[in-house]
Amino acid sequence: MSHTNIRPFVTPRIHPRIQQALQQKELLFSLMDGVGSPLNVMFPQNIDDNIKSFQDAFKKNFLRGRIYFTSKPCKSESVLRHAAMSDVFVDISSPKSLAKVMSCGFNPARIEATGPKNPEYIMMCLQLDVLLNVDSMDELKMIAAMHRKMGLTRKARIYVRLCGFSSPRISFTPQDNTFGIHVKDIPDLLDWLVERKDIFDFQGYAFYISGAGNEQRLVAIENQLELTMLAIQKGLKPKGIDIGGGFNTQYADNQEEWDQYQLALKQSVKGDIPSQTWNNSGLGYRNENGVVTGGPIFFNHFHALTKGDELDALVNQRLPQFGNTKMADVIRDHLLELYIEPGRAMLDQCGITIGRVSFNKPSTWGEELVGIDMNQTNLRSLQHKNLTQSVVLHRDPSRNKPNHNGLYYIGNLCVSYDILQYNKQFPDLVPQAGDLVCFMNTAPYAMDFSESETLMQPLARKIALWSQDDTWNWALDEKYMPVDFMNLEIE
Amino acid sequence: MIVKTITDLIGNTPMLEIPPELTGLQNIDLYAKLEHLNPFGSLKDRTAWGMIKDDLDMLKKDNRTIYENSSGNTAKSLAAIAGIHGLKFKLVAALSKVEEQKHVMQIQDAEIQEIAVASDCFDPSDPNDPQFLIERTASANPNSVYFPSQFTNSKNPAFHEATTAREILDDIDTVDYFFAGLGTSGSSMGITNVFRQHNPDFTSIGITARANDFIPGIRAMGQLWETGLFRKDVYNDMVSLSSMEALDGMLELNRKCGILCGPSSGANYTAALDYLRKIDGTLTTRKKAVFLINDRMEWYISYVRERMPEIFGDRAKENAIQHFDSETASPAPAISADDLDQWLAQHPDALIVDIRSSDSFKMLTIPNSMNMPVEMFEKWIDNNNPFPSDKPVVLVCAIGERSRHYAAYLRTMNCNAYNLDGGIMAWYDDCKIAA
């Protein structure tokens, strides 16, 4: 009657290049043993696929614009260096990240500064002529004051970040948000900017909507376009609209398995099958008198459209406030450019995190625990919400026993809650000391977004791994060269 | 037949035996329960009436507003019942995916509040979830709001037990197989419970939509646990269908049985045929199978059109613009923005046609040009040349890409078409106007 797998797991989507790399067991074992656990392995070449996906959507819809690679989800330099070789821009969020992207090959004309800004950050951006994505009226006033004090003749290039969108045709309660300036304050802000045309080069508005559906995004875009027309009427010259990021990526390999998994999780919460989560937490679901209630705290792992395909679908949506014209036509016909800021989607398949197993033990409840020499700060798994199955590399599979009831990976912190993934994992064999556990697709927001040296455990090292003519090369992440300098034709 | 109120006509729908030459079944009789003959056009008339009938006196006394959180058949039925009794009806729902359903409710004078919902299924953590919003309104106004909540109301399955299931048994004595698409799962659960009590060997098949696909009124498996009523163990088997499979079934019912039903009924029919054809040969005794015709076809016209444009004559004509490949066609001559003034001086009779949207045309345009926004323009030139053949025509768009495409097409229609290279952007960059 039931089709539910009794070992429910989600196979991760794995890039073919990473699939091949995982076959290089000797290389990976020697890297791990030489460099230490945990190890973040970057695949800088893989960003090319993501860039092309977005570029194709621009080309297909005859849109001019910029792709800002939002660099904050990962600190890797190899990926930045590789991306700098393509026609992409970069989005930074701190003074140190400004210095870093420049050292990775981005000149200031290709950089946009976002995030909360202190005087030092503003001064550096003005000095280097970096475009500022302004997030508050105070920031705008600080830029004006700083600009005067520095005696600059060149104007400060700015985007203005919006929030508080609304629509006459559809209502919603926006989540409260620290980002942006309310749309109702924009008319006054524009007058203020018009009086300071000698200081500011206003290039357009930006916004960021977190985890919202398409409808909220379309409302934001309509509001943004209306305010762009208002800016033009007031004599400013916006060049484009920045619609931010938030593009989907595929974490699960296929839809069916993902559906089955969610069903199994709910069944486990209901009590029909054994618990699938650590401490029976339910990952957002709970059992109220036999009825499953609550909502998932994890991502949707499989989407109908991702990256450039999602962008293509978005710009082909119709805007009711603009005579039901397609968004791409409105942007193009008003001679505007389109700016996007993908972060997660640009880093899709650009890195994995590998840990070395130290020990096995049972938990209080008798669950099988596998201790790995890394900790939850190296993976940020609960916030990361990635439920996919990790890939295990065995030193010698003949010494491993089969895994029947699933297991949990725990970390090296001397605390009772250092769980690396909160959902049960089902590798065929139980990993043993020395084996490697590879967590897939960790570059965006997982591998180093909030890692720390808590309890004086080490930070993970990063290496870049790349393939060329069927051979594999590696370098320390910060030593990666996107140009093959060994094979130059030197006169 | 004279009735006092239209709700007296809810229920007691007939069953149609699907001709065996159509089903190809040797050992199974397949019956369709014609729920689209209910007065407001769907099975949901029963759901709405079942939930509300006992509360009507109270609603009228308090003059309450009836709320609903899904923009489908139940909302339409509730709006109709509200209208009969002088009550207000308010829909608070995610943006309607079926345009005509919304239009019907607008004609019914329903108040409609559409919400931009982040997730596509019930999510209590989303402040924009319609159920959450209505429940909050209801608890703040306990004496003026009435929310029957079909997804959690046990009167929903109970009324189907008492009426729909009983009617079917009265007509054919026993049921061996029952097929129903799962929305609230109220109707199929109520009906299944009765059939199973009556016949222990009874088999119930629940139908879901494929994930990331959309069949109006049927949910995907992943969305079903949020509905409250749904219990998987009620069903012996579950099948999931694509929207195209549902439409194929719908068309067969529309065209060969005269049942003018919508896509969810088509899903029931497709699932029934697939399932029964597999087991038909293994049977030794005669069996009876039933599926529901949920609702009428009319409010799904744009849904069908989007997925099956060929039905509506949106067929490819010879030389149709949709199939024109300007990459391989010989290009129309291009005029650079720099040279435009000079060229126009040499061709004083030229027409300049700007195909951008009308508001962008208003903001900035080349003097003496006319505006024909692209969607209108494309219909205008499709398979035809509307321009005088003795006059040159310069096409202008934003960046010169679409105009290049259309100019090449018009050339094949013997139009003397030119393209403004780089479009209005290049012309603007060349500072033809004071910036």
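Residues numbered from 1 in each chain as written. Chains lettered and ligands numbered in written order. Predicted model: local features only at pLDDT ≥ 70, side-chain atom pairs only at ≥ 80, totals over all residues. Heavy atoms only, no water.

J.: Can you help me understand helix 10 (residues 243-256) of chain B in this one?
T.: Along an α-helix, a turn takes 3.6 residues, which lines up residues three or four apart on a common side. Residue and element names in this part refer to chain B. When the terminal C-alpha atoms of helix 10 are compared, their 20 Å separation across 14 residues agrees well with the 20 Å that a helix rising 1.5 Å per residue should span. Considered for burial, the residues of helix 10 that qualify are Ser243, Ala246, Leu247, Gly249, Met250, Leu251, Leu253 and Asn254. For helix 10, the elements touching its buried residues are strand 9 (237-241), helix 11 (263-280), strand 10 (287-293) and helix 12 (301-307). (Helix = DSSP H or I, 4+ residues; strand = E, 2+ residues; numbered from the N terminus. Expected span 1.5 Å × (residues − 1). Buried < 20%, exposed > 50% of the residue type's maximum accessible area, 1.4 Å probe, protein only. Contact = heavy atoms within 4.5 Å.)

J.: Would you mind going over the pairing of strand 3 (residues 89-92) of chain A with me for this structure?
T.: For a regular strand, side-chain orientation follows a simple rule: the groups alternate between the two sheet faces. Residues and elements named next belong to chain A. Residues Phe89 and Asp91 of strand 3 are buried on one face, and the alternating residues Val90 and Ile92, pointing to the opposite face, are buried as well. Strand direction decides the pairing type here: strand 2 (residues 65-70) and strand 3, joined by three bridges, are parallel. Looking across to strand 3, one finds that tyrosine 68 is bridged to phenylalanine 89. As for the winding sense of the linkage, the β-α-β connection from strand 2 through helix 4 (residues 77-84) to strand 3 is right-handed. Where strand 3 lies against strand 4 (residues 111-113), three bridges are found, and the strand directions are parallel. Within the sheet, the bridge partner assigned to aspartate 91 lies in strand 4 and is glutamate 112. (Pairing = 2+ DSSP bridges. Right-handed = clockwise from strand over helix to strand, strands pointing away.)

J.: It is not clear to me how the side chain of Asn371(B) should be interpreted in this structure. Could you clarify?
T.: Residue and element names in this part refer to chain B. Relative to the elements of secondary structure, asparagine 371 occurs in strand 13 (residues 369-371). Residue class for asparagine 371 comes out buried when judged on its relative accessible area of 18%. Looking at asparagine 371, its side chain comes within polar contact range of the main-chain oxygen of arginine 356, at 2.9 Å. Discounting chain neighbours no more than four positions away, the residues touching asparagine 371 are Asp354, Arg356, Ser357, Ser358 and Phe361. (Polar contact = N/O pair within 3.5 Å; in protein donor to acceptor, adjacent residues only side chain to side chain.)

J.: Teacher, can you tell me more about the confidence of the model for chain B here?
T.: Low-pLDDT portions of the prediction should not be read for the details of their coordinates. Residue and element names in this part refer to chain B. Summarising the model, chain B shows a mean pLDDT of 90, and 95% of its residues fall at 70 or more. This stretch, residues 431-435, has a pLDDT under 50; its non-local contacts, to residues over four places away or in other chains, come to nine contacts. The ipTM value of the predicted complex is 0.73, and its pTM value is 0.85. (pLDDT = per-residue confidence, 0-100.)

J.: Explain the sheet that holds strand 7 (residues 177-181) of chain B here, please?
T.: Paired through backbone hydrogen bonds, the strands of a sheet run either parallel or antiparallel to each other. All names here are of chain B. If you walk across this open sheet you meet the six strands as 1-2-10-7-8-9, and the pairing is mixed. Looking at strand neighbours, the two that pair on one side only are strand 1 (15-17) and strand 9, the edges of this open sheet. The mean inter-strand angle of the sheet, taken between neighbouring strand axes irrespective of direction, is 25°. Here strand 7 runs beside strand 8 (residues 203-209); their pairing, made up of five bridges, is parallel. The partner of tyrosine 177 across the bridge, within strand 8, is threonine 203. Running at roughly 135° to strand 2 (residues 28-34), helix 7 (residues 155-172) makes contact with strand 1, strand 2 and strand 10 of the sheet. (Axes fitted to C-alpha atoms, helices over the stretch in contact; angles between N-to-C directions.)

J.: Just to check I follow, could you spell out the sheet that holds strand 4 (residues 89-94) of chain B for this structure?
T.: Residues and elements named next belong to chain B. Taken in spatial order, the four strands line up as 5-4-3-6 in an open sheet, and their pairing is parallel. Bordering the open sheet on either side are strand 5 (111-115) and strand 6 (145-146), each of which pairs with just one other strand. With five bridges connecting them, strand 4 and strand 5 associate as parallel partners. Within the sheet, the bridge partner assigned to valine 92 lies in strand 5 and is glutamine 113.

J.: Sorry if this is basic, but what is going on with the layout of surface pockets here?
T.: Rolled over the atoms, a probe as big as a water molecule pinpoints where empty space is left. Looking at the second largest pocket, its volume works out to about 780 Å³. Contributing to the lining of the second largest pocket are 24 residues, with Lys326(A), Val374(B), Glu375(B), Glu378(B) and Tyr406(B) lying nearest its centre. The set of elements that each furnish at least two residues to the lining of the second largest pocket consists of helix 12 (327-333) of chain A together with helix 15 (374-381) and helix 16 (401-412) of chain B. A per-element tally of the lining of the second largest pocket places helix 16 of chain B first, with five residues. Its residues placed into classes, the lining of the second largest pocket shows six nonpolar, five polar and 13 charged. (1 Å grid on protein atoms, 1.4 Å probe; cavity = no way out; pocket = protein on both sides within 12 Å on 5 of 7 lines; lining within 4 Å. Points joined across faces, edges and corners; volume = space filled by probe spheres on them. Nonpolar A, V, L, I, M, F, W, Y, C, P; charged D, E, K, R; others polar.)

J.: I would appreciate a short explanation of the environment of Thr178(A) in the present structure.
T.: Residues and elements named next belong to chain A. Tracing the chain through its elements places threonine 178 in the loop between strand 6 (156-163) and strand 7 (181-182). Its relative accessible area of 73% is what places threonine 178 among the exposed residues. Between the C-alpha atoms of threonine 178 and phenylalanine 69, which are 109 residues apart in sequence, the distance is 22 Å.

J.: Can you walk me through the packing of aromatic side chains in this structure?
T.: Aromatic ring pairs are described here by two measures, namely the spacing of the ring centres and the angle between the planes. The final tally for this structure, using the stated rule, is 28 aromatic pairs over all chains. Between Phe54(A) and Phe247(A) the ring centres are 5.2 Å apart and the planes differ by 65°, which places this aromatic pair in the edge-to-face class. In this pair, Phe54(A) sits in helix 3 (residues 47-60) while Phe247(A) sits in the loop between strand 9 (240-242) and helix 10 (255-270), placing the two residues 193 residues apart along the sequence. Phe54(A) gets classed as buried once you look at its relative accessible area, which sits at 0%. Seen in terms of ring centroids, Phe195(B) and Phe202(B) are 5.6 Å apart; in terms of plane orientation they differ by 80°. Their pairing is edge-to-face. Taken together, the ring pairs connect Tyr68(A), Phe89(A), Tyr159(A) and Tyr339(A) into an aromatic cluster. Across the ring face of Tyr208(A), the terminal group of Lys72(A) is positioned such that the distance to the ring centre comes to 5.9 Å. (Phe/Tyr/Trp six-rings, centres within 6.5 Å; stacked < 30°, edge-to-face > 60°. Lys NZ or Arg CZ within 6 Å of the ring centre and 35° of its normal.)

J.: Mind showing me how you'd approach a positive patch on the surface here?
T.: A surface patch of positive charge is lined by Lys155(A), Lys197(A), Lys237(A) and Lys239(A). Checked against the element boundaries, Lys197(A) lands in the loop between helix 8 (186-194) and strand 8 (200-207). (Patch = residues over 30% accessible without salt bridge, like charges linked within 9 Å, V, L, I, M, F, W, Y side chains within 5 Å. Areas by Shrake-Rupley, 256 points an atom, 1.4 Å probe, with all protein chains shown as cover. Salt bridge = Lys/Arg side-chain N within 4 Å of Asp/Glu carboxyl O. Lys, Arg positive; Asp, Glu negative; His and termini not counted. Charge placed at Lys NZ, Arg CZ, Asp CG, Glu CD.)

J.: Any chance you could explain the packing of helix 15 of chain B against helix 16 of chain B here in plain terms?
T.: The axes of two packed helices give the description: the angle between them and the distance between them. Residues and elements named next belong to chain B. With their axes 12 Å apart at the nearest point, helix 15 and helix 16 run at an angle of 10° to one another. Here helix 15 is positioned roughly parallel relative to helix 16, judged by the angle of their axes. The crossing of helix 15 and helix 16 is left-handed. On helix 16, the residues touching Val374, Phe377, Glu378 and Ile381 of helix 15 are Arg402, Tyr406, Tyr409 and Leu410. Among the residues making up the contact of helix 15 with helix 16, the classes are represented as six nonpolar, no polar and two charged. (Parallel < 35°, antiparallel > 145°, perpendicular 65-115°, else oblique. Left-handed = near helix turned anticlockwise from the far one by under 90°.)

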